Amino acid sequence: MMKEKIEFIIISQTKKNIKIMIRYVDGNLLTLADNGDFDVIAHCANCYHSMGAGIAPQIKMKYPEAYAVDCATPKGDINKLGTLSHTVIQTTPYVVNLYGQFDYTGRRSGKMDLDYDALRSSLKLMKEKFTGKRIGLPMIGAGLAGGDWSIIEKIIEEEMRGEYVTIVKYVP
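Residues numbered from 1 in each chain as written. Predicted model: local features only at pLDDT ≥ 70, side-chain atom pairs only at ≥ 80, totals over all residues. Heavy atoms only, no water.

**So, the nonpolar core**
Cut-off, in case you're wondering: In plain words, nonpolar cores are sets of buried Ala, Val, Leu, Ile, Met, Phe, Trp, Tyr and Cys residues tied together by side-chain atoms within 4.5 Å. With a 1.4 Å probe rolled over the protein chains alone, any residue whose accessible area is under 20% of its type maximum counts as buried; one over 50% counts as exposed, and the rest are partly exposed. Only DSSP runs of H or I covering at least 4 residues are called helices, and only runs of E covering at least 2 are called strands; the numbering of each starts at the N terminus. By definition in these notes, contact holds between two residues if any of their heavy atoms fall within 4.5 Å.
Within the largest apolar cluster, 24 residues are counted, with the highest numbers of intra-cluster contacts made by L98, L123, M126, L137, I140, I156 and I167. Of all elements in the fold, only β2 (19-27), β3 (40-45), β5 (94-99), α4 (116-130), β6 (134-138), α5 (149-159) and β7 (164-170) reach the threshold of two or more residues within this core. Not counting the four nearest positions on each side in its chain, L123 is found in contact with L98, I155, I156, E159 and M160. Membership of the second largest hydrophobic core comes to 13 residues, among which are L30, A33, I41 and V95.

**Brief notes about the confidence of the model for the protein chain**
The test is simple: One number per residue, pLDDT, summarises how confident the predictor is, and it ranges from 0 to 100.
Averaged over all residues, the pLDDT of the protein chain is 88; the fraction at 70 or higher stands at 87%. Counting contacts from residues 1-15, a segment whose pLDDT is below 50, to residues more than four positions away or on other chains yields 44 contacts.

**Quick notes on the pattern of salt bridges**
Quick note on the threshold: Take a side-chain nitrogen of Lys or Arg and a carboxyl oxygen of Asp or Glu: if they are within 4 Å of each other, that pair is a salt bridge.
Tallied over the entire structure, the rule returns 5 salt bridges. Close ionic contact of D34 with K62 constitutes a salt bridge, the shortest N to O distance being 2.9 Å. With D34 in helix α1 (residues 29-34) and K62 in helix α2 (residues 56-62), this residue pair connects regions lying 28 residues apart in the sequence. The class for D34 is partly exposed, based on a relative accessible area of 49%. Two residues, D39 and R134, come together in a salt bridge whose shortest N-O distance is 3.0 Å. Here R134 lies in strand β6 and D39 lies in the loop between α1 and β3, a separation of 95 residues in the sequence. The class for R134 is partly exposed, based on a relative accessible area of 31%. When salt bridges that share partners are traced, they join R120, K154, E158 and E159 into one network.

**Quick word on α4**
Applicable threshold: Expected helix span is given by 1.5 Å per residue-to-residue step, counting one fewer step than there are residues. The definition of a polar contact used here is a pair of N or O atoms within 3.5 Å, where within protein one atom must be able to donate a hydrogen and the other to accept one, and adjacent residues in sequence count solely through side-chain atom pairs.
The end-to-end C-alpha distance of α4, which contains 15 residues, comes to 21 Å, matching closely the 21 Å that a straight helix rising 1.5 Å per residue would cover. Looking at the buried positions of α4, the neighbouring elements they touch are β3, β4 (84-86), β5, β6 and α5. The opening residue of α4, the one whose side-chain oxygen lies 3.0 Å from the backbone nitrogen of D117, is D115.

**A short note on the side chain of E159**
In this structure, E159 sits in helix α5. The buried category is assigned to E159, whose relative accessible area is 12%. Here the side chain of E159 touches R120 through a polar contact of 2.8 Å, side chain to side chain. Apart from residues lying up to four places away in sequence, E159 is in contact with R120, L123, K124 and K127.

**Concerning unusual backbone geometry**
Only a minority of non-glycine residues have a phi that is not negative, and only a minority of peptide bonds are not trans. With a phi close to 60 degrees, H49 is a non-glycine residue in the positive phi region. Along the chain, H49 falls in the loop between β3 and α2. A relative accessible area of 10% places H49 in the buried class. Not every positive phi belongs to a glycine, and M51 is a case in point at roughly 40 degrees. Counting through the fold element by element, M51 comes out in the loop between β3 and α2. What makes M51 buried here is its relative accessible area of 6%.

**Description of the packing of aromatic side chains**
So the rule is basically this: Only Phe, Tyr and Trp rings take part, Trp by its six-membered ring, and two of them pair if their centres are within 6.5 Å. Stacked means planes under 30 degrees apart, edge-to-face means over 60, and tilted covers everything else. In this scheme, Lys NZ or Arg CZ marks a charge over a ring once it lies within 6 Å of the ring centre and within 35 degrees of the ring normal.
For the structure on display, the rule yields 3 aromatic pairs. Aromatic side chains Y48 and F102 sit 5.2 Å apart centroid to centroid with 70 degrees between the ring planes, which places their arrangement in the edge-to-face category. With Y48 in the loop between β3 and α2 and F102 in the loop between β5 and α4, the pair connects residues that are 54 residues apart, well separated along the chain. The partly exposed category is assigned to F102, whose relative accessible area is 22%. On the numbers, 5.3 Å between centres and 45 degrees between planes, the contact of Y94 with F130 is tilted. Of this pair, Y94 sits in strand β5 while F130 is found in helix α4, placing the two residues 36 residues apart along the sequence. Across the ring face of Y67, the terminal group of K60 is positioned such that the distance to the ring centre comes to 4.2 Å. Taking the ring centre of Y63 as reference, the NZ or CZ of K62 above it sits at 5.9 Å.

Written out as structure tokens, the structure is:
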């Protein structure tokens, strides 16, 4: 079903000698999800229910339950960092809000909003919940949250060990 161009595939060996496959494609994560390419999609969320920038408003519009489960969590609670919320009605795909940033104000002053440890923890939880599923991610945390993709990619490789992950580089 994948119609977008596959740019490259990384298959790496980890310390535990388990292969990780990360596939990179150009396209639109939500369009590919509509095509049935993923069982699960996820994005980096803040702890304030904003879903107002990046891919979040598109997710909020297309998958209202993803926003509803986000709003069911305590607003502005720093304890959400490193956790997740996800749709519970069997939608295709499941949508996961990964709480990898506390707020979204750092970018205004040139500071990074992404918390690498929180992203790591939330990815670990996602793997536990959705093991064996086809997972689609945008270049999570590297856009408006200000994270360094080379660090994020390494975190994904470590935490999603043994899973099939596709990174979708947004192309309008």
